[in-house]
Amino acid sequence: MEESTYDPSRALSVDDRMNIVLSVISGRESVAEAAGRHMNISERSVEDWREAFIEGGLRGLQGAGAHRPPPREIRLVAEVTELKSALGEVCLELHVWQAIRKYWRRIPDTG
């Protein structure tokens with residue numbers, strides 16, 4: 001594979017990102033070395049591209065630009081949303097049970 005260099009006139013293509021990821025995955029260079037070869041490319045970006053490639057192959061890299069969060073973050077946001085919903089339901093249920101308990105304490109015992 002040909003070593004790509006940063007061209008400020010364009011963003012890295014999917015092929016450039018794939019070459020970077022493959023060089024890291026194959027062990028030819030570390031994440032830090034791969035990021036260091038390109039100006040304005042952070043180690044975090046290389047890690048995100050690697051994760052996107054591992055999870056989704058070339059398609060994962062096609063959407064792994066700065067405009068889209070990495071797949072792991074997407075999954076975590078979905079999980080947080082689901083947990084917030086579940087927590088809201090539990091809080092509502094607790095509120096209902098507390099109201100029922102309060103109501104039953106007001107009714108005199110006739111037995």
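All values derive from a computational prediction rather than experimental measurement. (Residues numbered from 1 in each chain as written. Predicted model: local features only at pLDDT ≥ 70, side-chain atom pairs only at ≥ 80, totals over all residues. Heavy atoms only, no water.)

Student: Even after reading the chapter, I still don't get the nonpolar core, so can you show me in this structure?
Tutor: Proteins that are soluble and globular tend to have nonpolar side chains buried together. With 11 residues, the main nonpolar core is built from Leu 12, Ile 20, Val 21, Val 24, Val 31, Ala 34, Ala 35, Ile 41, Val 46, Trp 49 and Leu 61. The set of elements that each furnish at least two residues to this core consists of helix 1 (14–25), helix 2 (31–36) and helix 3 (43–62). (Core = buried A, V, L, I, M, F, W, Y, C linked by side-chain atoms within 4.5 Å. Buried < 20%, exposed > 50% of the residue type's maximum accessible area, 1.4 Å probe, protein only. Helix = DSSP H or I, 4+ residues; strand = E, 2+ residues; numbered from the N terminus.)

Student: Can you walk me through a nonpolar patch on the surface in this structure?
Tutor: Taken together, the side chains of Leu 92, Val 96, Trp 97, Ile 100, Tyr 103, Trp 104 and Ile 107 make up a nonpolar region of the molecular surface, amounting to roughly 750 Å² of accessible area. Locating Leu 92 in the fold gives a position in helix 4 (residues 71–106). We classify Leu 92 as exposed; its relative accessible area is 55%. (Patch = residues over 30% accessible without salt bridge, like charges linked within 9 Å, V, L, I, M, F, W, Y side chains within 5 Å. Areas by Shrake-Rupley, 256 points an atom, 1.4 Å probe, with all protein chains shown as cover. Salt bridge = Lys/Arg side-chain N within 4 Å of Asp/Glu carboxyl O.)

Student: For this particular structure, what's the right way to read the environment of Ile 20?
Tutor: Tracing the sequence through the fold places Ile 20 in helix 1. Between the alpha carbons of Ile 20 and Val 31 there is a distance of 8.8 Å; along the sequence they are 11 residues apart. Aside from chain neighbours lying at most four places away, what touches Ile 20 is Leu 12, Ala 34, Arg 37, His 38, Val 46 and Trp 49. (Contact = heavy atoms within 4.5 Å.)

Student: Mind showing me how you'd approach the packing of helix 3 against helix 4 here?
Tutor: Helix-helix packing is characterised by the crossing angle of the two axes and by the distance between the axes. Where helix 3 meets helix 4, the closest approach of the two axes is 8 Å, and the angle between their N-to-C directions is 80°. Accordingly, the angle class assigned to the pair helix 3 and helix 4 is roughly perpendicular. Residue-level contacts link Glu 51, Ala 52 and Glu 55 of helix 3 to Pro 71, Arg 72 and Arg 75 of helix 4. Class assignment of the residues belonging to the contact of helix 3 with helix 4 gives a composition of two nonpolar, no polar and four charged. (Axes fitted to C-alpha atoms, helices over the stretch in contact; angles between N-to-C directions. Parallel < 35°, antiparallel > 145°, perpendicular 65-115°, else oblique. Nonpolar A, V, L, I, M, F, W, Y, C, P; charged D, E, K, R; others polar.)

Student: Any chance you could explain helix 1 here in plain terms?
Tutor: At 3.6 residues per turn, the α-helix brings residues three or four places apart onto the same side. Here helix 1 contains 12 residues, and its C-alpha end-to-end distance of 16 Å stays within 8% of the 16 Å for a straight helix at 1.5 Å per residue. Those residues of helix 1 not exposed but buried are Asp 16, Arg 17, Asn 19, Ile 20, Val 21, Ser 23 and Val 24. If you follow the buried residues of helix 1, they end up packed against helix 2 and helix 3. Of the residues flanking the end of helix 1, it is Gly 27, one or two places downstream, whose phi is positive at about 90°. (Expected span 1.5 Å × (residues − 1).)

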